Amino acid sequence: MSPRFLLEWLQKQPAAVVFVVVAGVAWATLPHFGSVTNMRDLAMQSSFLAVIALGMTFVIISGGIDLSAGSVYALGGVLAAYGSQWGFAAALLLPLAVCGLIGMINGLLVARTGMAPFIVTLATLLFARGLLLAITDEGATTYKIERGQAFLEIGRGTLFGIGYPVYLTLILFAAGAVLLRRTAFGQVVFATGGSERSAVLMGLPVIRTKIMVYTLSGLLAGFAGAMTAAYLESGVTVIGVGTELDAIAAVVIGGTLLTGGVGTVIGTIFGVLLRNVIQDIINEIGTLDSNYQSVVSGAFLLVVVVLQRLLGYVRRE
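Okay, so let's go over this structure. These figures come from a predicted structure and were not determined experimentally. (Residues numbered from 1 in each chain as written. Predicted model: local features only at pLDDT ≥ 70, side-chain atom pairs only at ≥ 80, totals over all residues. Heavy atoms only, no water.)

This part covers unusual backbone geometry. Even without being a glycine, Asp137 presents a positive backbone phi close to 55°. Within the fold, Asp137 resides in the loop between helix H6 (117–135) and helix H7 (153–156). (Helix = DSSP H or I, 4+ residues; strand = E, 2+ residues; numbered from the N terminus.)

As structure tokens, this is what we get:
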């Protein structure tokens, strides 16, 4: 492996380096960190956020942002629990249809009207949260998923001791990697985020691509909500607050630039894992207040972004 190749890889995956270092230190110093149970729980906890972050990766690479993902995620969980009374298909398809539609509306408004993604998705954040509260009588009603329903297997089923959400997340990320790197659609996503004006002049389908990435983000947030509902056996109304910021942070930690045009799916995985490992370490130590999770996570975000920028300077030199 040449030094230049290694430097380029480090520039693209700074979160992987930090993750390996942090996880290695925690494994060596904390007695319970490396246990099978903890590793299994860590993978399970990461899967729900990772699915949301996958959709966010496409949006950010295209030069946009999706602030509605957290509320759409919570709405997806409530709709899945509500639809479960009519069987597996309704429990899965209802959140996908509604959340995908919200994502498509985001894309249409951003692509067709030229409105700022921040404003559009902030509006749909409020809309999705309001719809959730309307369905649940302002949070007073919690829809339960009856025991024995096949839909619960999505969240609570296991294979070789590992939960189905982990496998589903890996499948989605593998498909996302292929879509982003091996298809014409993925190349247009990069071109749109790199220079939208140039992409338009080249005749690329920029408008259609923007609509598709926001629709994908809505679909994945809704699916993550459905998995969470299956895992919790109910549609919890209080989840998802600030989840969009966690997803954005994970994507940025993973090396995707907020300015668009640069990013990887594998980087997002490491971003999610790094965030959750930090939280797990704080919980393992036990002497730190839970409020310090945000402080430490923010500090690591700054470290990774600075590291990425420094590696970029070294490469240009």
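Using the criterion set out here, one finds 6 aromatic pairs in the structure. Between Phe19 and Phe270 the ring centres are 5.8 Å apart and the planes differ by 55°, which places this aromatic pair in the tilted class. On the criterion of sequence distance, the pair formed by Phe19 in helix H2 (residues 14–29) and Phe270 in helix H13 (residues 265–285) is long-range, its members being 251 residues apart. Each member of the pair, Phe19 as well as Phe270, carries the same accessibility label: buried. Centroid distance Phe88 to Phe151: 6.0 Å. Interplanar angle 70°. Geometry classified as edge-to-face. A residue pair is termed long-range when its members are at least 10 positions apart, and Phe88 in helix H5 (residues 88–113) and Phe151 in the loop between H6 and H7 qualify at 63 residues. Here the aromatic residues Tyr82, Trp86 and Tyr143 are joined through ring pairs into a cluster of three or more. The ring of Tyr231 carries Arg156 above its face, with NZ or CZ at 5.6 Å from the centroid. (Phe/Tyr/Trp six-rings, centres within 6.5 Å; stacked < 30°, edge-to-face > 60°. Buried < 20%, exposed > 50% of the residue type's maximum accessible area, 1.4 Å probe, protein only. Lys NZ or Arg CZ within 6 Å of the ring centre and 35° of its normal.)

The final tally for this structure, using the stated rule, is 4 salt bridges. When the shortest N-O distance is used, the salt bridge between Glu233 and Arg156 registers 3.4 Å. Here Glu233 is found in the loop between helix H11 (206–232) and helix H12 (243–253), whereas its partner Arg156 is found in helix H7, with 77 residues between them in sequence. The buried category is assigned to Glu233, whose relative accessible area is 15%. According to the relative accessible area criterion, Arg156 is partly exposed, its value standing at 45%. Where Glu196 meets Lys210, a salt bridge forms, and the shortest distance between an N and an O atom there is 2.9 Å. Of this pair, Glu196 sits in helix H10 (residues 196–201) while Lys210 sits in helix H11, placing them 14 residues apart in sequence. Relative accessible area serves as the criterion here: at 36%, Glu196 is assigned to the partly exposed category. Residue class for Lys210 comes out buried when judged on its relative accessible area of 12%. (Salt bridge = Lys/Arg side-chain N within 4 Å of Asp/Glu carboxyl O.)

The next point concerns the packing of H12 against H13. Between H12 and H13, the shortest axis-to-axis distance is 7 Å and the interhelical angle comes to 120°. When the axes of H12 and H13 are compared, the pair comes out oblique. Crossing handedness for the pair H12 and H13: right-handed. Contacts from Asp246, Ala250, Val251 and Ile253 of H12 reach H13 at Thr268, Gly271, Val272, Leu274 and Arg275. (Axes fitted to C-alpha atoms, helices over the stretch in contact; angles between N-to-C directions. Parallel < 35°, antiparallel > 145°, perpendicular 65-115°, else oblique. Left-handed = near helix turned anticlockwise from the far one by under 90°. Contact = heavy atoms within 4.5 Å.)

With that out of the way, let us pick up H12. With 8 of 11 residues buried, H12 is to be regarded as a mostly interior element. Within H12 the residues assigned to the buried category are Thr243, Glu244, Ala247, Ile248, Ala250, Val251, Val252 and Ile253. Once H12 ends, the next one or two residues include Gly255, with phi positive near 105°.

Let's shift gears to the side chain of Asn106. Here Asn106 lies in helix H5. The contacts of Asn106, once residues within four sequence positions are left out, are Asp66, Ser68, Val120, Thr121, Thr124 and Tyr214.

Let's shift gears to the environment of Gly261. With respect to the secondary-structure elements, Gly261 resides in the loop between H12 and H13. With 73 residues separating them along the chain, Gly261 and Val188 place their C-alpha atoms 9.7 Å apart. The contacts of Gly261, once residues within four sequence positions are left out, are Ile61, Phe190, Gly193 and Gly194.

Taken N-terminus to C-terminus, the directions of helix H9 (residues 184–194) and H11 make an angle of 100°; their axes are 10 Å apart at the nearest point. Here H9 is positioned roughly perpendicular relative to H11, judged by the angle of their axes. Across from Phe185, Val188, Val189 and Thr192 in H9, the residues of H11 making contact are Val206, Thr209, Lys210, Met212 and Val213. When its residues are assigned to classes, the contact of H9 with H11 shows 6 nonpolar, 2 polar and 1 charged. (Nonpolar A, V, L, I, M, F, W, Y, C, P; charged D, E, K, R; others polar.)

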